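Next come the chains, spelled out residue by residue.
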Amino acid sequence: MLAAALILTASTASAAPLGSERQAALLYLLRQDCGSCHGSTMGGGLAPPLLPQSLAETPDDALIAAILDGRPGTPMPPWRFEINPNEAAWMVRQLKGGLAE
Ligand code: HEC
């Protein structure tokens, strides 16, 4: 029952535009959690940079898949349990557009 409710919630969420609170939470996550490896301004650190010029050649789908499922065999962890596909797509658009300071 609970699983069905969660799936329903997730699929409803992925159809709807992101609310401004969720957008703010995802930007915070990018700078804090993702930033701990990728650098707080996405310029790279322990992990490669996530700057527009670094990502331009990679298709959105591949970047979304990396966020949702991680990159097995590398330190890049999966985020599927916190971030739904719609949110991952939004994050990729933010990264490709360059995060506002
Ligand atoms: C524990 C360190 C770590 C954390 C935390 C982390 N990453 Fe990564 N990430 C990596 C590494 C290492 C790679 C490179 C994997 C490879 O060699 O393919 C990577 C790769 C990626 C890629 C693919 C880049 C490309 O050019 O193909 C994306 C997109 C990405 N990470 C986004 C994120 C996002 C968004 C978050 C936060 C939700 C995040 N990462 C958190 C370590 C991390």
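Residues numbered from 1 in each chain as written. Predicted model: local features only at pLDDT ≥ 70, side-chain atom pairs only at ≥ 80, totals over all residues. Heavy atoms only, no water.

Enquirer: How do you make sense of the nonpolar core when you look at a structure like this?
Expert: For soluble globular proteins, nonpolar side chains are generally found buried alongside one another. By size, the foremost hydrophobic cluster in this structure holds 21 residues, and its most contacted members are L26, L30, I67, I83, M91 and L95. At the level of secondary structure, the elements contributing two or more residues to this core comprise α2 (20–38), α4 (60–69) and α5 (85–97). Here this core takes six residues from α5, the largest share from any one element. Not counting chain neighbours up to four residues away, the residues in contact with L30 comprise G35, M42, M91, L95 and L99. (Core = buried A, V, L, I, M, F, W, Y, C linked by side-chain atoms within 4.5 Å. Buried < 20%, exposed > 50% of the residue type's maximum accessible area, 1.4 Å probe, protein only. Helix = DSSP H or I, 4+ residues; strand = E, 2+ residues; numbered from the N terminus. Contact = heavy atoms within 4.5 Å.)

Enquirer: Explain the site of the ligand to me, please; I cannot follow it from the model alone.
Expert: Taken together, 19 residues lie near the ligand, and C34, C37, H38, R71 and M76 sit nearest. Separating a nitrogen atom of the ligand from a side-chain N or O atom of H38 is a distance of 2.8 Å. Take the shell around the ligand: its biggest share by element is five residues, from α2. (Near = heavy atom within 4 Å. Polar contact = N/O pair within 3.5 Å; in protein donor to acceptor, adjacent residues only side chain to side chain.)

Enquirer: Please explain the coordination of the iron atom of the ligand as it appears in this structure.
Expert: Angles between donor atoms at a metal ideally measure 109.5 degrees for a four-coordinate tetrahedral arrangement and either 90 or 180 degrees for a six-coordinate octahedral one. Every protein donor of the iron atom of the ligand is listed here as H38 (NE2) and M76 (SD), and their distances to the metal cover 2.0 to 2.1 Å. Geometry at the iron atom of the ligand is octahedral, judged from its six donor atoms and the angles of 88 to 179° they form at the metal. Of this pair, H38 sits in helix α2 while M76 is found in the loop between α4 and α5, placing the two residues 38 residues apart along the sequence. (Donors = N, O, S within 2.8 Å, 3.2 Å for Na, K, Ca; no water. Tetrahedral: all angles 85-135°; square planar, octahedral: opposite > 155°, others 65-115°.)

Enquirer: Explain the confidence of the model for the chain here, please?
Expert: Detailed reading of the predicted model is not advised wherever pLDDT is low. Across the chain, the average pLDDT comes to 89, with 82% of residues at or above 70. The secondary-structure element of the chain with the lowest mean pLDDT is helix α1 (residues 2–15), recorded at 53, while α4 shows the highest, at 98. (pLDDT = per-residue confidence, 0-100.)

Enquirer: Even after reading the chapter, I still don't get the environment of P75, so can you show me in this structure?
Expert: As for its position among the elements, P75 is in the loop between α4 and α5. With a relative accessible area of 76%, P75 lands in the exposed category. In the structure, P75 is positioned 38 residues away from C37 in sequence and 9.0 Å away in space, judged by C-alpha atoms.

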